[in-house]
Amino acid sequence: MAGVRFEGVGKRFGSVEAVRELSLEIADGEFMVLVGPSGSGKTTALRMLAGLEAISSGSIFIGDRVVNQVAPRERDIAMVFQDYALYPQMTVFDNLAFGLRRRKVPGADIQRRVAEAARVLDLEALLQRRPGQLSGGQAQRVALGRALVREPQVFLMDEPLSNLDAKLRTQTRGEIRRLQQEVDTTTVYVTHDQVEAMTMGDRIAVMNEGRLEQVGTPEELYERPANRFVAGFIGSPAMSFFTGAEVGLNLPNVVGVRPEHVRPWREGLIGPLKGRIAFVEALGRETFVGVDVGEARLVVFEEGRAERDVGDEIEFGLVESGLRYFDADSGAAL
Amino acid sequence: MTSRAEQTLGYVILGVFSLIALLPIVGILFTALQDPDGVAAFGSLNGLHFENFKTAWEDGNFGSYLKSSIIVSVSVVFFATLFSILAGYAFGLMRFRGSTVLFYLFLLGLMVPTEAIIVPLYYDLRDLNLTNTYWALILPQIATSVAFGTYWMRTYFRTVPRSLVEAARLDGASTWFTLWRVLLPLARPAVLTMTVLLFMWTWNEFLLALVMVSDESLRTAPLGLSFFQGRNTSELSLMAAASVIVALPVVILYIFLQRHFIRGMLAGAVKG
Ligand SMILES: Nc1ncnc2c1ncn2[C@@H]1O[C@H](COP(=O)(O)OP(=O)(O)O)[C@@H](O)[C@H]1O
Ligand SMILES: [Mg+2]
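Treat the numbers as computed from the prediction; the structure is a model and nothing was measured.

The rules we used
Residues numbered from 1 in each chain as written. Chains lettered and ligands numbered in written order. Predicted model: local features only at pLDDT ≥ 70, side-chain atom pairs only at ≥ 80, totals over all residues. Heavy atoms only, no water. UniProt positions renumbered as here; feature names shortened; annotations may be inferred. Helix = DSSP H or I, 4+ residues; strand = E, 2+ residues; numbered from the N terminus. Axes fitted to C-alpha atoms, helices over the stretch in contact; angles between N-to-C directions. Parallel < 35°, antiparallel > 145°, perpendicular 65-115°, else oblique. Left-handed = near helix turned anticlockwise from the far one by under 90°. Contact = heavy atoms within 4.5 Å. Nonpolar A, V, L, I, M, F, W, Y, C, P; charged D, E, K, R; others polar. Phe/Tyr/Trp six-rings, centres within 6.5 Å; stacked < 30°, edge-to-face > 60°. Buried < 20%, exposed > 50% of the residue type's maximum accessible area, 1.4 Å probe, protein only.

Looking at this model, I keep getting lost on the UniProt feature "domain: ABC transporter" (unreviewed entry) in chain A. Mind explaining?
According to UniProt, the "domain: ABC transporter" (unreviewed entry) feature falls on residues 4-234 of chain A. Helix makes up 37% of residues 4-234 of chain A and strand 26%. Its end C-alpha atoms lie 24 Å apart.

Looking at this structure, how should I read the packing of helix α4 (residues 99-111) of chain B against helix α6 (residues 134-159) of chain B?
What describes two packed helices is the angle between their axes and the distance between those same axes. Residues and elements named next belong to chain B. It is the contact of α4 with α6, at a shortest axis distance of 7 Å, that shows an interaxial angle of 125 degrees. Comparing their axes, α6 and α4 come out oblique. Along this stretch, α4 crosses α6, giving a crossing that reads as left-handed. Counting all contacts with α4, which are made through Phe103, Phe106, Leu107, Gly109 and Leu110, the residues of α6 involved are Val146, Ala147, Phe148, Thr150, Tyr151 and Arg154. Split by residue class, the contact of α4 with α6 holds 8 nonpolar, 2 polar and 1 charged.

How do you make sense of the packing of aromatic side chains when you look at a structure like this?
What describes a pair of aromatic rings is the distance from one ring centre to the other and the angle between the planes of the rings. Residues and elements named next belong to chain B. In total, this model carries 21 aromatic pairs over all chains according to the counting rule given. Consider the rings of Phe62 and Tyr65, whose centres lie 6.1 Å apart with planes at 85 degrees: the pair is edge-to-face. In this pair, Phe62 and Tyr65 are both assigned in helix α3 (residues 62-93), 3 residues apart and thus about one turn of the helix distant. Overall, Phe62 belongs to the buried group, its relative accessible area being 0%. Ring centres of Phe79 and Phe83 lie 6.1 Å apart, and the angle between their planes is 40 degrees; on these two criteria the pair is classed as tilted. With Phe79 and Phe83 both in helix α3, this residue pair falls 4 residues apart, about one helical turn.

It is not clear to me how unusual backbone geometry should be interpreted in this structure. Could you clarify?
Comment: phi is negative for the bulk of residues other than glycine, and the bulk of peptide bonds are trans. Residues Ser236(A) and Pro237(A) are joined by a peptide bond in cis, for which omega reads -5 degrees. Relative to the helices and strands, Pro237(A) resides in the loop between α8 (228-233) and β11 (240-243). Positive phi is not limited to glycine here, since Glu151(A) has a value of about 50 degrees. Within the element layout of this structure, Glu151(A) appears in the loop between α4 (136-150) and β7 (154-158). Unusually for a residue other than glycine, Asn132(B) sits at a positive phi of about 65 degrees. Looking at the element boundaries, Asn132(B) is found in the loop between α5 (114-127) and α6.

Below, the structure written as structure tokens:
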């Protein structure tokens, strides 16, 4: 068991700064999610931790050991790849056993550990198949199993669910989390999907253009985003931003507000504001109504299925405790 | 979707070109079976005189020529394949200083024809006392084959998903183990195709054999064929029979191995 620490880690590819000055401490047994848009440097950060990419500056620790110069196979980590990277010519059993055999684990232990992983991941009936004969979900479980049997210090996962369909993805999300809690192994999980990040992470590190924007629990990121980028990236539908002038209210700076704090007009809210409906997203249990107010667009949240039509006027107000303020120039939270 | 008419047209065109390709081969076969004492006419069938092959074999001393050809070809193909796999692996999947320059150097070997280097090569090998030995045929052909083979295997290794190699690295496999146990089983169609091509080229090499060896017992089959031709210009059917004898090993190897590379191509297609 070991934690992981990035200390001022940077990575350049020629003129591209893929990761800048990344400092991040991941506790032993913690599930840390790296999230951010495509190209923000998440994969590069993960690959540096794995040893698949050289580190341009700074240091990476696994436990107390600086691993900058340590070969990947000496780092005692296991990685789940986006495309699974199963060995095509080997059976599922051999895929799972491969890493153990390379590490000279005794045969009886290999049998036991593979059987255990196969049981947990429901792979028992598939052990003699080859990867070409597996469905996407099965291949994904084999990839997880290959990491699991290794019993490494750290699990690394790079968008492991992105090749599954939506339903399977939701299901597997829970499964990965359950497995991780069972084995209590430090995990670094990369995704561009903020829903995955919010539902899986003990803590989340939000990255943007190679920089770490904020680290915190899902709740912290949601309630107290450090800047406009994080505020806009976390939560769906996203937070709306406007200035007081745009909507005709006397509010300072740039205001951010999430849909659940924008409600149809009633006493006690800030307002009333009037706007024209631009879209209606009725999900059954709730309805999101996009409203154009002057230059700004806000999203109104209504319980249940609201009968609204695009183009109609709507009167609504803001919940004061839900307003967040950001510096107009730097975007930093105030 | 192709219409019926288009499909028919396709078959007709393919059929015509197949005929054009097949006719000379059939012609040689027919000629090889002609009555040796009859009037020789290329491509006509006037009986089945299998004894022509026996006569050609004995007259042409093919027992010795084929032995030399096999020794040279098998050695060249074996070592060239081994070296090409190793070099292709390095150029295809490893990052190292100077790899681009080195690779172009290999390509140079691919582009220079034997005719251009044969004279200096002769003097070099003579200085080393290697002319008139099998080495004079084997070593230069390993070199030229490795130029092609490295290019071929590098292209193959470039198509292997990088993550597969990285997964093996993280699993604790050495680069050596990754090559032989993870990558090569997948590379079988590519390696077999290369083997057939190298074997064919080595088997048919004429100029090098002509220049480097003069000892009768070291001569390879294509050379035997040409000397044969000089002695038996009038005997067209024996000449054709000798050609069949020389070409047969390559054809047999191709038929034997083609099953594998067609299967390999299909496997790739099904997985998409
Ligand atoms: N091997 C590489 N060579 C050059 N540029 C790279 C390489 N890998 C990543 N990059 C660049 O580094 C940046 C970060 O990439 P990446 O870490 O893959 O982002 P993410 O995983 O967040 O989508 C991108 O601009 C990408 O183009
Ligand atoms: Mg990525």
